[in-house]
Amino acid sequence: MRTSYSSLQTYKQCPQKYKFQEIDRVPAKKSIEAIFGTHIHGVLKRMFEKDPLFPTLDELLDYYRANWPAKEKIGWDETTENIYREEGVKMIKNFYAKNAPWNFNVVDLESRFEVLIPDEKHGTTHVLAGKIDRIDKIGENEFEVIDYKTAKRLSSQDSVNHDLQLSLYGLGLKKRWPHLKTENIKLSLYFLKHQEKLSTIKTEKEIEATTEDALGTIEEIEKKLAANERFEPIPSALCDWCSYKPICPAWKHLYRNRQQTTGNIEPILKEYFALKKEEQKNEQRLKELQKEIGTYMDAQGFDRLFNEEGVVSRKLQKRVSYDFEKIRHILEPIGKWQDILDADDKKLKNMMSGLPQDIQERIQFEGIIPKEFFVMTTTLKKQKMEGNL
Ligand code: SF4
């Protein structure tokens, strides 16, 4: 398979989005954030290109304004456009002030690379492609990889230390210059909104773990495709930035055209929600009544209450759990211990994380019987409870 880190990330975030994007190739409208981010990346590339001199800040801002994405391309309103335009100017000015281009030994910009991932189990090789925003030489055989981020959120140092994308960039650099030592590759994320650069240095093992992680995801995708399994939508806050929302099974009913929708589900839904609301109210009230009944029974010394509708009884229940170490010593001598060790999914799941990696993988790939079924959940819109319930 030929893929990229961001495609695999998309799969992890939402398999359905991956399917739309990578398998069905449904054209996607780029989000405002993505178009803005691409534009800023282009401007910062220009900043470090000597032609024959580095551009001044004013020249760079002229370039930024001259190449501003056309309104028709984005379709944004004037207020939003102005907010983004000003935000970009601020980012570039602050970045230029802190990073005068002549102070850096930039060796490549928007550098494309490919990493080969051998899949020994299936005798194939996968290609993981990527693009590094900037590579600087920072010492004798020492390099820094810089990835610009235009997002609002500033990551924590811990998440940068564990960032798989940065590990992949480390791999890309090692492929380009195999003599480089991993500890001589500084991997940085530059957060433009905050003007903060967070850096990390990975170990050889961490960098290798990237290929294992990618291989695991690739195998999962290929297995799904071969078994014709569903690529499940995973609704999240990120759906608001997903251009597939109107055709996504998790959302498309919200975008339905009432005239064209076949079958009349509305009365069924109406009744269903009414019953669910009633059920919720009843559950809450029943709990309150049980508490009051229990208090009355305690005070009066009754265990059963009678009226013309029926009887309410209460019974003290005891639950025990067994000490299986001791039980084992009792049952083993009489050959009965094995009888209570019957395998079940829960026991295996609990045991999995403690098993060696190769055994876990064998179980994942050989020992799974895929089962698919829908579980229906209901979310009721919040409403004020009436009366004194
Ligand atoms: S709208 Fe949400 S659930 Fe649907 S494909 Fe996009 S990210 Fe996935």
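All values reported here derive from a predicted model rather than from experimental measurement.

Draft legend 1. Seen up close, the overall build of the protein. From N to C terminus, the protein includes 13 helices and eight strands. The globule rule puts the C-alpha radius of gyration for 389 residues at 21 Å, and the 30 Å found for the protein is more than 25% above it. Along the first, second and third principal axes, the C-alpha atoms of the protein reach 95 × 65 × 45 Å. Looking at the protein residue by residue over its 389 residues, the buried ones come to 15%. Considering only intrachain contacts with a sequence separation of at least 6, the fraction spanning at least 24 residues in the protein is 65%.

Draft legend 2. Layout of the nonpolar core. Of all hydrophobic cores here, the largest spans 35 residues; its most connected members are Val145 and Tyr169. At five residues, helix α8 (residues 164–176) tops the list of elements feeding residues into this core. With residues up to four places along the chain from it excluded, the contact list for valine 145 reads Ile132, Ile135, Tyr169, Leu173, Ile185, Leu187 and Ser188.

Draft legend 3. Here's a closer look at the domain arrangement of the protein. Split into domains, the protein comes out as domain 1 (31–103), domain 2 (106–229), domain 3 (266–313) and domain 4 (324–366). Between the C-alpha centres of domain 2 and domain 3 the distance comes to 58 Å.

Draft legend 4. Structural detail: helix α2 (residues 15–23). Of the residues making up α2, those classed as buried are Gln16, Lys17, Tyr18, Lys19, Phe20 and Gln21. Here the buried face of α2 lies against α1 (5–13). Where α2 terminates, the next one or two residues include arginine 25, which has phi positive at roughly 55 degrees.

Draft legend 5. Focus on the site of the ligand. The environment of the ligand is formed by 14 residues, the closest being Cys14, Pro233, Cys239, Cys242 and Cys248. Looking at the shell around the ligand residue by residue, the classes come out as eleven nonpolar, one polar and two charged.

Draft legend 6. Structural view of the environment of lysine 224. With respect to the helices, strands and loops of the structure, lysine 224 is situated in helix α9 (residues 204–226). Along the sequence, lysine 224 and leucine 168 sit 56 residues apart, while their C-alpha atoms lie 25 Å from each other. Those residues in contact with lysine 224 that lie beyond four places of it in its chain are Glu229 and Phe231.

Draft legend 7. Spatial organisation of the pairing of strand β5 (residues 185–191). With seven bridges connecting them, strand β4 (residues 142–149) and β5 associate as parallel partners. Bridge pairing in β5 places phenylalanine 143 opposite isoleucine 185. Taken together, the five bridges between β5 and strand β6 (residues 196–200) define a ladder with antiparallel strand orientation. The residue bridging leucine 189 from the neighbouring strand is leucine 198, located in β6. Following β5, the chain reverses through four residues before pairing antiparallel with β6; glutamine 195 in that reversal takes a positive phi of roughly 50 degrees.

Reading the values: the criteria
- Residues numbered from 1 in each chain as written.
- Predicted model: local features only at pLDDT ≥ 70, side-chain atom pairs only at ≥ 80, totals over all residues.
- Helix = DSSP H or I, 4+ residues; strand = E, 2+ residues; numbered from the N terminus.
- Rg over C-alpha atoms; globule rule 2.2 N^0.38 Å.
- Buried ≥ 20, exposed ≤ 12 C-beta atoms within 10 Å, placed from the backbone.
- Contact = placed C-beta atoms within 7 Å.
- Core = buried A, V, L, I, M, F, W, Y, C linked by C-beta atoms within 7 Å.
- Domains from an automatic or database assignment.
- Near = placed C-beta within 6 Å.
- Nonpolar A, V, L, I, M, F, W, Y, C, P; charged D, E, K, R; others polar.
- Pairing = 2+ DSSP bridges.

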